[in-house]
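Coordinates in review
So you can see what is in the structure, the chains are spelled out below.
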Amino acid sequence: MFERFAVGARQAVTASADEARRRGDRRIGTDHLLLGLLHDPASAEALGITVDAARAQSAALDRAALAAIGIDLEGYSPSPKIKVGIRTPFTSGSRSVIERTLRLTTAEKARRIAPKHLLLALLERQRPDPAAMLLTELGVDRAEVARRLSQ
Amino acid sequence: MANDGILAQIRSTDPVSGLRAVGALHRLADLVEATHVQLAREQGWSWEQIGDALGVSRQSVHAKYGK
């Protein structure tokens, strides 16, 4: 499946696996895909956000969720110790994003999947998708980013 | 009663928040477990004692944390 991915897109997926493990999650979610993409300078610039800002926002969303059920964990920031080495599977949302990425690439008649195709697929996600929630919290103007990417 | 208050709070929350909180609690539990399994071993606890404290088998703790 990843043979059609250009180097940048493949690196984004590898980085997303690292982001998932870094947070202590057992599957690569669409939010991890977004964080992985932010390692790519062109994608970070298109979105207008840094990977650090996105990670911080993700931790803030966790704190808000815990507060919503009555648990106050001020200063909470995930920093787990997860054993590396086992291949991390994708969530079903992430699989949908990858399928959509392939379709977008084909529609554009591009030979290889680039980070921007992955990013366009992620921008389509809707609440309650984790990437969608993160993009909203980060104040990303989806339409504007998509427009910039399509130029 | 205090319990009614907590339950009402959990029920009144949007599942987007509630389910995300569950994920965060799992990650927090993993962190606390890893930290305190290490501390327990440093203080001389056996894998069996650690397993008993966690309510799991000695084998599963050792498989997860043993070298």
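Fair warning: this is a prediction, and the values are worked out from it, not measured in the lab.

Turning to the overall build of chain A, a few remarks are in order. Secondary structure summary: chain A contains eight helices and zero strands in total. N-terminal to C-terminal, the α/β element order of chain A is α-α-α-α-α-α-α-α. Relative to the compact-globule value of 15 Å for 151 residues, chain A shows a C-alpha radius of gyration of 15 Å, a close match. Expressed as a percentage of its 151 residues, the buried residues of chain A come to 46%. Partitioning the intrachain contacts of chain A with sequence separation of at least 6 by distance along the chain shows that 62% fall at a separation of at least 24.

Here we take up the nonpolar core. Counting 37 residues, the largest nonpolar core has Leu47(A) and Leu123(A) as the members making the most contacts within it. Listed by contribution, the elements that provide at least two residues to this core are α1 (7-23), α2 (30-37), α3 (41-47), α4 (51-68), α5 (92-107), α6 (115-123), α7 (130-137) and α8 (142-150) of chain A. If you tally residues by element for this core, the top one is α6(A), at six residues. With seven residues, the next largest nonpolar core counts Ala34(B), Val37(B), Trp47(B) and Tyr65(B) among its residues.

A few words now on the confidence of the model for chain B. Summary statistics for chain B give a mean pLDDT of 87 and a share of 87% for residues scoring 70 or more. Two summary scores accompany this predicted model of the complex, namely pTM at 0.87 and ipTM at 0.80.

Assignment of secondary structure puts Ala65(A) in helix α4. On the basis of relative accessibility, which here comes to 2%, the residue Ala65(A) falls in the buried class. Contacts of Ala65(A), omitting those with residues within four sequence positions, involve Ser17(B), Arg20(B) and Ala21(B).

A separate point is the interface of chain B and chain A. Listed by partner, the interface residues are 22 residues for chain B and 23 residues for chain A. Surface buried jointly by chain B and chain A totals about 1800 Å² across both partners, of which 56% is contributed by carbon and sulfur atoms. Joining chain B to chain A, the criterion identifies five salt bridges. Here Asp25(A) and Arg27(B) are joined by a salt bridge, their closest N and O atoms 2.8 Å apart. Taken together, the elements giving at least two residues each to the side of chain B that touches chain A come down to α1 (2-12), α2 (15-42) and α4 (58-65) of chain B. Top element by residues in the side of chain B that touches chain A is α2(B). It accounts for 14 residues. Across the side of chain B that touches chain A, the residue classes tally to ten nonpolar, seven polar and five charged.

Let us now look at the pattern of salt bridges. Per the counting criterion, the structure on display carries 18 salt bridges over all chains. The partner of Glu99(A) in a salt bridge is Arg103(A), and the shortest N-O contact between them spans 3.8 Å. Residue Glu99(A) and its partner Arg103(A) are located together in helix α5, separated by four residues, close to a single helical turn. Looking at Arg103(A), the relative accessible area reads 52%, which means it is exposed. Close ionic contact of Lys64(B) with Glu33(B) constitutes a salt bridge, the shortest N to O distance being 2.7 Å. Of this pair, Lys64(B) sits in helix α4 while Glu33(B) sits in helix α2; the two residues are 31 residues apart in sequence, bridging distant segments of the chain. Among the residues examined, Lys64(B) registers a relative accessible area of 39% and is labelled partly exposed.

Thresholds, definitions, all that
- Residues numbered from 1 in each chain as written.
- Chains lettered and ligands numbered in written order.
- Predicted model: local features only at pLDDT ≥ 70, side-chain atom pairs only at ≥ 80, totals over all residues.
- Heavy atoms only, no water.
- Helix = DSSP H or I, 4+ residues; strand = E, 2+ residues; numbered from the N terminus.
- Rg over C-alpha atoms; globule rule 2.2 N^0.38 Å.
- Buried < 20%, exposed > 50% of the residue type's maximum accessible area, 1.4 Å probe, protein only.
- Contact = heavy atoms within 4.5 Å.
- Core = buried A, V, L, I, M, F, W, Y, C linked by side-chain atoms within 4.5 Å.
- pLDDT = per-residue confidence, 0-100.
- Buried area = accessible area lost by both parts, 1.4 Å probe.
- Salt bridge = Lys/Arg side-chain N within 4 Å of Asp/Glu carboxyl O.
- Nonpolar A, V, L, I, M, F, W, Y, C, P; charged D, E, K, R; others polar.

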